[in-house]
Amino acid sequence: MLKKLHEKKTVQLILGLGIGIVFGVLLQKGGVTKYDVILGQLLLTDFTVVKVMLTAIVVGKIGVHLLKGMGVAQLHPKSGSFGSSLIGGLIFGVGFGILGYCPGTMIGAVGQGSLDALFGGLPGMLLGAGLFAGLYPSLEKKILNKGYFGEITLPQLLKVGHWWVIVPISIGIIGLLWWIESAGL
Amino acid sequence: MEWLMMDRWSPYVVGIGIGLLSCVAFVLSDKPIGCSTAFSRTSGMIEKLFQPGKVVEKAYYKKFPPVIDWEWMLVIGVLVGAFISSNLSGTFGGVWVPGKWTSAFGSSAGLRWSASLLGGILLGLGARWAGGCTSGHGISGTLQMAASSWLAVMGFFIGGIITAMIFYHVF
């Protein structure tokens, strides 16, 4: 039944739009579409971004794995390598620190009227993505596959069942959030 | 419906909402929530207007064709959602230079615009280089416990924290 739903192209485009609208409302109400809040996180003075992300990870992690156990969801972990995930991640990080938005929150910022996101961040991101498409053939040969480890997940890496990782990480995250709150951050 | 008019919600409420929304996306669309491939698809669409032949040939656009897909619609949805949300709380409004930037670097729109453009270029390049962004790797990937995503998200925050610290404490 679900597979049929996944194959309906127009329905999926509408679902994508609907899920995006809810996502946009949540990001905006969370304050994470604001430059000041994101910079507060990167300067370690405002922990809103970490609170939102870690809570989403705990809820999503438990939820998605329960749904997978019920046979109604499939995982799609991305493949990675040190040359792609780590180096790309660091380049992204520098851009994140200068712009003060990430791709999703930047679009949300455009929606709330932030003109630096509309006229600076948005064309910049399109240029950067286009630049990558141009560089891709040579980057793929030289860097992107360095230290390739594929679509592996942490439970596979540790050779244990997934709940053996989900439960400790979730407890660790809740403990960390508890500590952040009690430290008044 | 007073809660819809509020300016801010608790970060924990928002986090729970995003976690549940991820579950909905996995079940109804068999897709992790992500944002950054939509930008490379759009970039390809724009390039196609100028050099139609070349885009088709580019290896990267064979992998991610410049077409409207589920994730592209999701990004449009984020724009609409944030517009609705900020209008409901009455906070919608054009702002050239954010407050925190002004207090550190002054209110010059040109300076902020140049920095945003440069930051955006690195963000777009880095997101495609790493194969995902703060949504695709940072939330959807880490909740699936993908090794690639945990590594990428460490890069996002290490790079971001060092850059922000340099900008605000050195310059």
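Residues numbered from 1 in each chain as written. Chains lettered and ligands numbered in written order. Predicted model: local features only at pLDDT ≥ 70, side-chain atom pairs only at ≥ 80, totals over all residues.

Quick notes on the overall build of chain A
Just so we agree on the cut-off: Here a strand is any run of E in DSSP of at least two residues, a helix any run of H or I of at least four, and the numbering for each starts at the N terminus. The burial label depends on the number of other C-beta atoms within 10 Å of a residue's C-beta. Counts of 20 or more mean buried, 12 or fewer mean exposed, and intermediate counts mean partly exposed, with C-beta atoms placed from the backbone. Residues are defined as contacting one another if the C-beta atoms placed from their backbone atoms lie within 7 Å.
Within chain A one finds 9 helices and 2 strands. Going from N to C terminus, chain A has its helices and strands arranged as α-α-α-α-β-α-α-α-β-α-α. For the C-alpha atoms alone, the extent of chain A along its principal axes is close to 50 × 45 × 40 Å. When each of the 185 residues of chain A is scored for burial, the buried share is 50%. Partitioning the intrachain contacts of chain A with sequence separation of at least 6 by distance along the chain shows that 56% fall at a separation of at least 24.

Quick look at the packing of helix 4 (residues 48-69) of chain A against helix 9 (residues 136-143) of chain B
The description of two helices packed together rests on the angle between their axes and the distance between the axes. Definition in use: Between N-to-C directions, angles cover 0 to 180 degrees, with each direction set by a line fitted to C-alpha atoms, over the stretch in contact for helices. For any helix crossing, the convention is left-handed if the near helix is rotated counterclockwise from the far helix by under a right angle, and right-handed if that rotation is clockwise. Basically, the charged four are Asp, Glu, Lys and Arg, the nonpolar ten are Ala, Val, Leu, Ile, Met, Phe, Trp, Tyr, Cys and Pro, and anything else, Gly included, counts as polar.
It is at 8 Å that the axes of helix 4 of chain A and helix 9 of chain B come closest, and there the two elements cross at 35°. Where helix 4 of chain A crosses over helix 9 of chain B, the two elements pack in a sense that is right-handed. Within the contact between the two elements, helix 4 of chain A uses Met 53, Ala 56, Ile 57, Gly 60, Lys 61 and Val 64 of chain A and helix 9 of chain B uses Gly 138, Ile 139, Thr 142 and Leu 143 of chain B. For the contact of helix 4 of chain A with helix 9 of chain B, the per-class residue count stands at 6 nonpolar, 3 polar and 1 charged.

Looking at the confidence of the model for chain B
The following threshold applies: pLDDT is a per-residue confidence score from the predictor, ranging from 0 to 100.
The predicted model of chain B has a mean per-residue pLDDT of 96, with 100% of residues at 70 or higher. The complex model carries a pTM of 0.97, and its ipTM stands at 0.97.

Quick notes on the packing of helix 6 (residues 103-112) of chain A against helix 7 (residues 115-142) of chain A
Residue and element names in this part refer to chain A. Viewed as axis vectors pointing N to C, helix 6 and helix 7 meet at an angle of 145°, and their least axial separation amounts to 9 Å. In this structure, helix 6 crosses over helix 7, and the sense of that crossing is left-handed. For the pair formed by helix 6 and helix 7, the contact residues are Pro 103, Met 106, Ala 109 and Val 110 on the first element and Ala 117, Leu 118, Gly 121, Leu 122 and Met 125 on the second. Each residue belonging to the contact of helix 6 with helix 7 can be placed in one class, and the counts come to 8 nonpolar, 1 polar and no charged.

Quick look at the interface of chain A and chain B
Facing the 105 residues of chain A at the interface are 113 residues of chain B. Those elements that place two or more of their residues in the side of chain A that touches chain B are helix 1 (2-7), helix 2 (9-30), helix 3 (35-42), helix 4, helix 5 (82-99), helix 6, helix 7 and helix 8 (154-158) of chain A. With 19 residues, helix 7 of chain A is the largest single contributor of residues to the side of chain A that touches chain B. Of the residues belonging to the side of chain A that touches chain B, the class tally is 61 nonpolar, 38 polar and 6 charged.

What about helix 6 (residues 70-88) of chain B?
All names here are of chain B. Let me state the cut-off plainly: For a helix, the expected span equals 1.5 Å multiplied by the number of residues minus one.
Here helix 6 spans 26 Å end to end across 19 residues, near enough to the 27 Å set by a 1.5 Å rise per residue. Burial of helix 6 is extensive: 14 of the 19 residues sit out of reach of the surface. A positive backbone phi angle near 70° is found at Gly 90, which sits one or two residues after helix 6.

So, helix 5 of chain A
Given 3.6 residues per turn, any residue in an α-helix points the same way as the ones three and four places further on. All names here are of chain A. Helix length check: helix 5 (18 residues) gives 24 Å between terminal C-alpha atoms against 26 Å at 1.5 Å per residue, within 8%. In terms of residue burial, helix 5 counts as a mostly covered element, since 16 of its 18 residues are buried. Residue Gly 100 follows helix 5 closely and has a positive phi angle near 80°.

Side note on the environment of Ala 104 of chain B
Residue and element names in this part refer to chain B. Relative to the helices and strands, Ala 104 is located in helix 7 (residues 99-105). Ala 104 gets classed as exposed once you count the C-beta atoms within 10 Å, which come to 12. When the C-alpha atoms of Ala 104 and Val 170 are compared, they prove to be 11 Å apart, with 66 residues separating the residues in sequence.

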